[in-house]
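Letter by letter, the chains look like this.
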Amino acid sequence: LFDGVYPFYPQQRKVFVFDVSTIIVIVVFLTFACSFLLIIPGIRGRARIYWTLRVLLSLIVGVVIVVVQFTGDWETGWVKANTSYKSFSRALVNVDIGLHVGLAGVNVTLMGNPVNQVNETIDYNEHFAWSFNADYDQSYSEGLERGLPSPILYVAEKFTTQSPCSMHRQYRISSHYASATLWVAFCTWLISNILFSMPVLVYGGYMLLVTGAFMIFSLLSFSTVKNSLMCPIQFGTAVLHTGYGGSFWLMLVIGLLCFVAGITVVALHYFNLDLLKTFFDLHEDKAEEYQEMTEVYVNPHFVNKGL
């Protein structure tokens, strides 16, 4: 080991779906959820159910908007192939090759069937970043220097700036616009929560619609890469085909949920305002109005007269 890591891997490998940033975001939102669950017994009556639904749904929307910024499964694909393992070698290996595209870069996974072949353990997962503070070509050059297996380098080369496929520019620009619109959606989500805490519920509903719209815009931005011709990623007769991954579909579901919630709030504001105020615990209970009168005195003179 060299400073606690393997000498050919000066940096820790990045998991293709979850990484440290994702775990931190999930822990932060779980802390908020647990804190609310501790105070929920202090809310009496039916309002306890309404508060629980509102807070949990809001936290789910917020955590999804932030987490998908760091996940690596917006677009995924797998292929099983018999291919060469190293350059200048005729030895063939049977492997599963995976491509996982995120907003911050791509992960290339290589797993042998079985794992131990040609006297080596074939189990790789390499991350190549294209975010603003990262240089994709530099990451690819470092992979060449480390002597990564040929299948990983072949897939990663498709996304370099020098590649005639132009996939780097397509994916990088679409991912950056998708990430920017998601951060705008996160800001509008915060504004909607502030408005819902004030007696301006209809404007909170409008901001939920804006949040859903920006989430859909991020999906449209990322999906623009499908409109251009893609270079085939081929290993002999096997071709690696990709499709939308879990983060893409999760974002679509949460975006539609924001639309449904926003439309429901706006509709209730115009057609059943009392029900909306009851759900947000803003409805004035008549019983509470009379709590100020601790004692009631009746004049017997008026009672005797039947008045």
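Nothing here was measured: the structure is a model prediction, and the numbers come from that model. (Residues numbered from 1 in each chain as written. Predicted model: local features only at pLDDT ≥ 70, side-chain atom pairs only at ≥ 80, totals over all residues. Heavy atoms only, no water.)

Peer 1: Quick question: what am I supposed to make of the overall build of the protein here?
Peer 2: Along the protein, the regular secondary structure elements total ten helices and seven strands. Here the contacts in the protein between residues at least 6 apart in sequence split such that 67% fall between residues at least 24 apart. Of the roughly 18100 Å² of accessible surface on the protein, a fraction of 64% belongs to carbon and sulfur atoms. (Helix = DSSP H or I, 4+ residues; strand = E, 2+ residues; numbered from the N terminus. Contact = heavy atoms within 4.5 Å. Areas by Shrake-Rupley, 256 points an atom, 1.4 Å probe, with all protein chains shown as cover.)

Peer 1: I tried to follow the UniProt feature "transmembrane region" (unreviewed entry) in the protein on my own but got confused; where do I start?
Peer 2: UniProt's entry tags residues 20–39, 51–71, 91–110, 177–196, 202–225 and 246–271 with the feature "transmembrane region" (unreviewed entry), counted in the numbering of this structure. Taken end to end, residues 177–196 is 100% helix and 0% strand, and its two terminal C-alpha atoms sit 29 Å from one another. (UniProt positions renumbered as here; feature names shortened; annotations may be inferred.)

Peer 1: Looking at this model, I keep getting lost on the environment of L110. Mind explaining?
Peer 2: Take L110: it is sitting in strand β3 (residues 105–117). Between the C-alpha atom of L110 and that of I122, which follows or precedes it by twelve residues, the distance is 6.9 Å. Other than its neighbours up to four places away in sequence, L110 contacts Y85, V95, D96, I97, I122, D123, Y124, P149, P151 and I152.

Peer 1: Help me understand the pattern of salt bridges in this model?
Peer 2: Pairing between side chains of opposite charge can happen when the charged atoms of each approach one another. Here the structure, examined in full by the defined rule, presents two salt bridges. K86 is the salt-bridge partner of E120, the closest N and O atoms lying 2.5 Å from each other. Placement of E120 in strand β4 (residues 120–129) and of K86 in the loop between β1 (75–84) and β2 (92–101) is noted, with a sequence separation of 34 residues between them. Since its relative accessible area comes to 41%, K86 is described here as partly exposed. (Salt bridge = Lys/Arg side-chain N within 4 Å of Asp/Glu carboxyl O. Buried < 20%, exposed > 50% of the residue type's maximum accessible area, 1.4 Å probe, protein only.)

Peer 1: Please clarify how the pairing of β2 should be interpreted in this entry.
Peer 2: Looking down a regular strand, the side chains alternate between one sheet face and the other. Most of β2 sits out of view: eight of its ten residues are buried. The sheet contact formed by β1 and β2 spans ten bridges and is antiparallel. Looking at the pairing, W78 lines up with G98 of β2. Here seven bridges tie β2 to β3, and the two strands are oriented antiparallel to one another. Along β3, the bridge assignment pairs L99 with V108. Between β2 and β3, which follow one another and run antiparallel, lie three residues. (Pairing = 2+ DSSP bridges.)

Peer 1: Explain a nonpolar patch on the surface here, please?
Peer 2: There is a patch of nonpolar side chains on the surface, built from I49, L53, L57, I60 and L257 and spanning about 430 Å² of accessible area. At four residues, helix α2 (residues 47–67) tops the list of elements feeding residues into the nonpolar patch. Structurally, I60 can be placed in helix α2. (Patch = residues over 30% accessible without salt bridge, like charges linked within 9 Å, V, L, I, M, F, W, Y side chains within 5 Å.)

Peer 1: How should the nonpolar core be read in this particular structure?
Peer 2: Across soluble globular proteins, you tend to see nonpolar side chains buried next to one another. One finds W74 and L99 to be the most contacted residues of the largest nonpolar core, which totals 68 residues. A per-element tally of this core places α2 first, with nine residues. (Core = buried A, V, L, I, M, F, W, Y, C linked by side-chain atoms within 4.5 Å.)

Peer 1: Explain the environment of F259 to me, please; I cannot follow it from the model alone.
Peer 2: With respect to the helices and strands, the residue F259 is situated in helix α7 (residues 246–271). The exposure class assigned to F259 is partly exposed, which follows from its relative accessible area of 27%. As a C-alpha pair, F259 and A213 span 46 residues in sequence and 7.8 Å in three-dimensional space. Beyond its immediate stretch of four places on either side in the chain, F259 contacts L209, G212, A213 and I216.

Peer 1: I keep staring at the packing of aromatic side chains and nothing clicks. Help me out?
Peer 2: The full count for this structure, using the stated rule, is 18 aromatic pairs. Taking 5.2 Å as the distance between ring centres and 75° as the angle between the ring planes, the aromatic pair formed by Y154 and F235 counts as edge-to-face. Highlighted residues: Y154 in helix α4 (residues 150–157) and F235 in strand β5 (residues 234–235), separated in sequence by 81 residues. Judged by relative accessible area, F235 falls into the buried class, the value being 6%. With centroids separated by 5.4 Å and ring planes inclined at 85°, the aromatic side chains of F248 and W249 adopt a geometry described as edge-to-face. For W249, a relative accessible area of 45% gives the class partly exposed. A network of ring pairs unites the aromatic residues W74, F128, W130, Y136, F159, Y171, F222, Y244, F248 and W249 as a single cluster. It is R54 that lies over the ring of W51; its NZ or CZ is 4.4 Å from the centre. (Phe/Tyr/Trp six-rings, centres within 6.5 Å; stacked < 30°, edge-to-face > 60°. Lys NZ or Arg CZ within 6 Å of the ring centre and 35° of its normal.)

Peer 1: What should I look at first to understand the confidence of the model for the protein in this one?
Peer 2: Do not read the fine detail of predicted coordinates wherever pLDDT is low. Of all residues in the protein, 85% have pLDDT values of 70 or greater, and the mean over the chain is 82. Scored below 50 in pLDDT, residues 285–294 shows one contact in the model against residues more than four places distant or in partner chains. (pLDDT = per-residue confidence, 0-100.)

Peer 1: Explain the packing of helix α6 (residues 201–223) against α7 here, please?
Peer 2: Any two packed helices are characterised by the angle at which their axes cross and by the distance between the axes. Where α6 contacts α7, the axes come no closer than 8 Å and their chain directions differ by 155°. Taken together, the axes of α6 and α7 lie roughly antiparallel to each other. For the pair α6 and α7, the crossing hand works out as left-handed. Looking at side-chain class alone, the contact of α6 with α7 contains 21 nonpolar, seven polar and no charged residues. (Axes fitted to C-alpha atoms, helices over the stretch in contact; angles between N-to-C directions. Parallel < 35°, antiparallel > 145°, perpendicular 65-115°, else oblique. Left-handed = near helix turned anticlockwise from the far one by under 90°. Nonpolar A, V, L, I, M, F, W, Y, C, P; charged D, E, K, R; others polar.)

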